[in-house]
Amino acid sequence: MDNELLSLRCHRSCNNMTNRITIWSSCFCIGALSAVFWSQMPSIPSLYVLLSIEIVTGGIIALHSLNNLQEPSRNVAEPYPDITVNCGVAVNGVVAGILWLASVGHFYYAWQLPENKIQQDVIISAQVLSGGCVSAAQNGSKVQEQGVPPIYRYVVKVSRIDNVKARDLVFEHPLPSFVDFSSSFTVQLSHMPTGYSAKKEPTGPHLISDTSAILTCLHNGDSFQAVVKMKPAYGVINPTGFNRQQYLASKAIHATGYIKHVMVDKIIHQHTPRYVFSQQLLQVGLQNNRWWSALLLGDRSRLTPDDWALLQQTGTGHLFSISGMHLSIVAGITFLVLGAVIFLVSALFGAFQHNWPHRVMLEVSSSNYKLVSGIRFCSAAPIRFSIFSGVLLVSALYTMLSGMALPVLRAFVLLCIAFIFSISSSVARPIHIAILMLMVSLCLFPLGILSASFYLSIGAVLVIWFSVNRFQLNNKSWWRTAFQLQCILCVATLPLTMLWFEHISVISLVANIVAVPFISLILPISLIALLILVQFPPSSWMNSIAHTILEFCDASLTWLIELLNGLVLHAARYYVASVSQPVDTSLVVYLFLAIFLVFLPTWRFKSTCVVLLILPFFSSFIPSNDTYWHIHILDAGQASAAIITKGSNAIVIDSGARFNDVARTAESDILSLLKKHNVSRVDIVIHTHGDNDHAGGKTALKQFKVSQNAVFLSPVQGCERGKMLVWEGLELAFFWPLAGNREDSNAQSCVVKITDGTTSILFSGDIEKESEYTLLYAQQDDPFTSLQSSILVAPHHGSKTSSTEAFIKAVNPDSVIYSQGFANRWSFPSKSVFDRYKALGIKQYLTSYHGYVNVAIDTSHSCNEVGRMSDIENQCSNAFQISTSRLHHKRRWYLPSYWPGHL
């Protein structure tokens, strides 16, 4: 009887321990993931409070465990575990997760460039971590294929700045010295040689001229010294489009900059096996070499804009970027090959027993089942251990071949966890393994929670696990299982794709049904062929066979690409192949829950719940209330772009800059924002003048379907003093330039005022003092052309050559908005101009500090009695209210604002 009680107690203690570990791990994940929504980082004193809670709850749990050990018969008959202890475990886990992410965040921001090093020439000693050229011919081929100079982009570890240790110069320890989660000062550097357009002589004996930089290519692992300019990791923040600052934070990049000169004799090349493979791949001379570089080596820098468009429209971009899926393919093929080899060897030689081949097959199939299902594992056998060791070895080599890409590295770590469970004798359920894998990922790659790959990977694994159990896919044929999984994955990951990429492919299901098995087949074959080419001399027969195999795979890949192109063209005849539609996070959550409910078993109110969850998503397509009109001042860097929306119509005023033949502000931010506000027609496009920072997106705007019928105005086309337009109940009054002007310059910028009779905004382009005085003089002769406005977009980005005191007093704005970039070379806005507006009590907004600025004007109400408010976050006067990205819409700790140092 005592033995039975002891056995029962041991069994219950084991279950309780397993459950508590699962509870703690789950709560740790919840606490860590909550960091995505923090508006600001917990302060250092609050971390000490959380640490105290952690210690107290941990002590309570430990005392309870000791009491159980001292009283063997205690609580044996109780059917339920101690709820109080489980609550303590949960609190301890949540606090631990918060402490971990908060500590990582504090150490991330502990690396700060000194003010005297920002945008200044400094000499650094660094090592390339990632982003290095995969091959020496990479950039030359890019120039030949695309006709543009190459852009080198490296992520480097900086060890010294101006001969001073980087840690001593830029690191401020946020916690006691014995706590250190810091790694190194990581910088993203770009280099675009200008030698293609102008030949230049070297400026020193150790410096590469821009022309000779064509021949210079740094690879991963290379050490070098260079003259660079750096600034803190930053980016524009708009409601839509790519969030560069969040991307930099997810990669733990502390600063960005560009290389001015590289010191030739200081470069130490350390070519990795990845470089050797890339060189061998180039020598084969395949037709689709750039596609193979992306598929086999993870180098997508050589893909053309047309290639990217094809991947986006077909939803197959994940196939041509080495990820966890590719690692799983390699691991799965290796597993099957090693199992088959062991079986054949045992069949031929009969090493141990006459029935050993049969036993090997049982071991291999049992191991495979345990990897997938995660049920109770038997003790590790030598055969299973050998197979999994081989799988891990091959997977590790493939991870290095990918350049240690984060998604592949994360998948490799999870594969190691699966290996440990598969050879152990512990009891583990699928939920236990899944939670442990998630917790390990958060511990090893904490900032990965800010990247799309983390959620897509976790989401795909959860969908597969749910589908296998919900639809009993283990009992179906492999081809039916693969087909159903692909269909479910395409549907279930739609919300995540819309949230992160603001884009969904209508034909992705069909394209992936064809492309996924095709890539799964040719990937291991082509990798083996490439390995043979590297290991065997060119004259060997093995090399000839491998060359033939690669050429056959290349012809097959050509067929796939042509098939995808044909699919896009065929779909375009009847409907669009893809849809771009930005959505809010809350709507994506509702849509995801609706899709989840669809796959659950039927119950009485299932359809009603699904409809209620979908309604918010479809309601977002309803045009805005036309009693409001909105002014959108985009964060366009050191450029200008604005949109006026009312109902489903819009006016665009300036379209941002165009660099390297890409108008990112127009093509990404403006178009996405128009779609987000359900604008069906752009009626008027005004470019205040023709400089690139104002009119760089003009060509792109003309190609948009939504603006094809728009009227385009500029200083030499339609903008002239005295012109009046009425649009959607608003009045547009043009003050400058004079009629008949043929000069497209700063001084002749369009000056236009938009008003509803109560609230108004004045766009002044890049006019300077002379133009301002002319406008003031003209206003005296014509009192009906009053410059007075509620909001002023500062002339010339706040330059000291504009914004005279007389002009500011004539406009008499409540608020002024500077459209300028962070740490720009001209130090806009000028301190004298900033102080001038401040002295007049005018509220000031900087797009570099506040990000995107939205002004909502209600034409049916007024709040004149409120007057001006001193609060920096809100402005309400004449029935308008101002909100910004960084202080309202996207206020997150990983998107901090930096106030211009010169102000």
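These numbers come from a predicted model, not from an experiment. Residue numbers run consecutively from 1 along every chain, following the written order of its sequence. Local features are withheld for residues below a pLDDT of 70 in this predicted model, meaning they are given only at 70 or higher, and side-chain atom pairs are given and counted only at 80 or more; totals for whole chains, interfaces and linings count all residues. Excluded from the side-chain calculation are hydrogens and water; included are all heavy atoms of the structure.

Trainee: Where do I start with the pattern of salt bridges in this structure?
Mentor: It is possible for side chains of opposite charge to pair when their charged atoms get near one another. A pairing counts as a salt bridge when a side-chain nitrogen of Lys or Arg comes within 4 Å of a carboxyl oxygen of Asp or Glu. The full count for this structure, using the stated rule, is 8 salt bridges. A salt bridge links Lys676 to Asp584, with the nearest nitrogen and oxygen atoms 2.5 Å apart. One end of the pair, Lys676, is in helix α22 (residues 664-676); the other, Asp584, is in the loop between β8 (578-580) and α20 (585-598), with 92 residues separating them in the sequence. Partly exposed describes any residue whose relative accessible area lies between the buried limit of under 20% and the exposed limit of over 50%, with all areas from a 1.4 Å probe on protein chains only and scaled to the type maximum. A relative accessible area of 22% means that Lys676 is categorised as partly exposed. The class for Asp584 is partly exposed, based on a relative accessible area of 37%. The partner of Arg681 in a salt bridge is Asp683, and the shortest N-O contact between them spans 2.5 Å. Looking at Arg681, the relative accessible area reads 40%, which means it is partly exposed. Only DSSP runs of H or I reaching four residues or more are called helices, and only runs of E reaching two or more are called strands; each is numbered from the N terminus.

Trainee: Would you take a moment to explain the side chain of Thr240 for this structure?
Mentor: Mapped onto the secondary structure, Thr240 falls in the loop between β5 (223-232) and α6 (244-250). Note on Thr240: relative accessible area 2%, which makes it buried. Engagement of the side chain of Thr240 in a polar contact is seen with the backbone nitrogen of Leu673, the distance being 3.4 Å. It only takes one pair of heavy atoms within 4.5 Å for two residues to be counted as in contact. With residues near it in sequence (within four places) discarded, Thr240 still touches Glu502, Pro582, Asp669, Ser672, Leu673 and Lys676. Throughout this description, a polar contact denotes any pair of N or O atoms lying within 3.5 Å of each other; where both atoms belong to protein, one of them has to be capable of donating a hydrogen while the other can accept it, and for residues adjacent in sequence the pair is counted only when both atoms sit in side chains.

Trainee: Got a minute to help me understand the packing of α20 against helix α21 (residues 606-619) in this structure?
Mentor: Packed helices, taken two at a time, are described by the angle their axes make and the gap between the axes. Axes here refer to lines fitted to C-alpha atoms; in helices the fit is confined to the stretch in contact. Angles between the N-to-C directions go from 0 to 180 degrees. At their nearest, the axes of α20 and α21 sit 8 Å apart, and the two run at 155° to each other. Taken together, the axes of α20 and α21 lie roughly antiparallel to each other. For α20 against α21, the interelement crossing comes out left-handed. Where α20 abuts α21, its residues Leu587, Tyr590, Leu591, Leu593, Ala594, Leu597 and Val598 lie against Lys606, Cys609, Val610, Leu613, Ile614, Pro616 and Phe617. Three classes are used: nonpolar for Ala, Val, Leu, Ile, Met, Phe, Trp, Tyr, Cys and Pro, charged for Asp, Glu, Lys and Arg, and polar for all others, with Gly counted as polar. Here the residues of the contact of α20 with α21 are counted per class, giving 13 nonpolar, no polar and 1 charged. Oblique is the label for every angle not falling under 35 degrees (roughly parallel), over 145 degrees (roughly antiparallel), or within 65 to 115 degrees (roughly perpendicular). Take the far helix as the reference: if the near one is turned anticlockwise from it by less than a right angle, the crossing is left-handed, and if turned clockwise, right-handed.

Trainee: Just checking my understanding: could you explain the sheet that holds strand β16 (residues 751-755) for this structure?
Mentor: Backbone-to-backbone hydrogen bonds pair the strands of a sheet. The strands run either parallel or antiparallel. Any two strands with at least two DSSP bridges between them are considered paired. An order of β14-β15-β16-β17-β18-β19-β20 is seen for the 7 strands of this open sheet, with the pairing classed as mixed. Two strands in the sheet have a free side with no partner beyond their single neighbour: β14 (724-727) and β20 (843-846). Along the sheet, successive strands turn relative to each other by an average axial angle of 20°, direction set aside.

Trainee: I would appreciate a short explanation of a nonpolar patch on the surface in the present structure.
Mentor: Put simply, a patch holds well-exposed residues, over 30% relative accessible area, that have no salt bridge, with like charges counted together within 9 Å and Val, Leu, Ile, Met, Phe, Trp or Tyr side chains within 5 Å. Where accessible areas are quoted, they stem from the Shrake-Rupley method and a 1.4 Å probe; at the residue level, only the protein chains shown are allowed to cover. On the surface, Ile333, Leu336, Val337, Val341 and Val345 cluster together into a nonpolar patch covering about 410 Å² of accessible area. Looking at the element boundaries, Val337 is found in helix α10 (residues 324-349). Residue Val337 is classed as partly exposed on the basis of its relative accessible area of 46%.

Trainee: Teacher, can you tell me more about the environment of Leu113 here?
Mentor: Among the secondary structure elements, Leu113 is positioned in the loop between α3 (83-108) and β1 (122-130). Under the relative-accessibility criterion, Leu113 is labelled buried at 10%. Taking the C-alpha atoms as reference points, Leu113 and Val170, separated by 57 residues in sequence, lie 5.3 Å from one another. Here Leu113 is in contact with Ile118, Val170, Phe185, Met230, Lys231, Pro232 and Ala255, once residues within four sequence places are set aside.

Trainee: Whenever I open this one, the state of the cysteines confuses me. Can you help?
Mentor: Any covalent bond linking the sulfur atoms of two cysteines counts as a disulfide. Criterion for a disulfide: a pair of cysteine sulfur atoms within 2.5 Å. All chains considered together, the criterion is met by 1 disulfide. Each sulfur in the disulfide pair Cys719 and Cys750 lies 2.1 Å from the other. On the S-S bond that ties Cys719 to Cys750, the torsion sits near 120°, and the link is right-handed. Taken together, the residues Cys719 in the loop between β13 (711-713) and β14 and Cys750 in the loop between β15 (730-736) and β16 connect sequence positions 31 residues apart. Classification of Cys719 as buried rests on a relative accessible area of 3%.

Trainee: Please clarify how the nonpolar core should be interpreted in this entry.
Mentor: As a rule of thumb, soluble globular proteins bury nonpolar side chains together. Remark: nonpolar core denotes a set of buried residues (Ala, Val, Leu, Ile, Met, Phe, Trp, Tyr, Cys) joined through side-chain atoms within 4.5 Å. Ranked by internal contacts, the top residues of the largest apolar core, which has 56 residues, are Trp292, Leu296, Phe320 and Leu557. Where this core is concerned, the elements lending two or more residues are α7 (273-284), α8 (289-297), α9 (305-314), α10, α12 (382-401), α13 (406-423), α18 (508-535) and α19 (541-574). When residues of this core are assigned to their parent elements, the largest contribution, 12 residues, is made by α18. Setting aside anything within four residues of it in sequence, one finds Leu557 in contact with Asn288, Trp291, Trp292, Phe320, Phe518 and Ile522. Counting residues in each nonpolar core, the second largest holds 34 residues, with Phe28, Val36, Leu99 and Ala102 among its members.

Trainee: Teacher, can you tell me more about the packing of helix α17 (residues 494-501) against α20 here?
Mentor: The contact between α17 and α20 brings their axes to 9 Å, and the two run at 170°. As judged from the angle between their axes, α17 and α20 are roughly antiparallel. Where α17 crosses over α20, the two elements pack in a sense that is right-handed. Along the contact surface, α17 presents Pro495, Leu496, Met498 and Leu499, while α20 presents Thr585, Val588, Leu591, Phe592 and Ile595. Taken together, the residues of the contact of α17 with α20 break down into 8 nonpolar, 1 polar and no charged.

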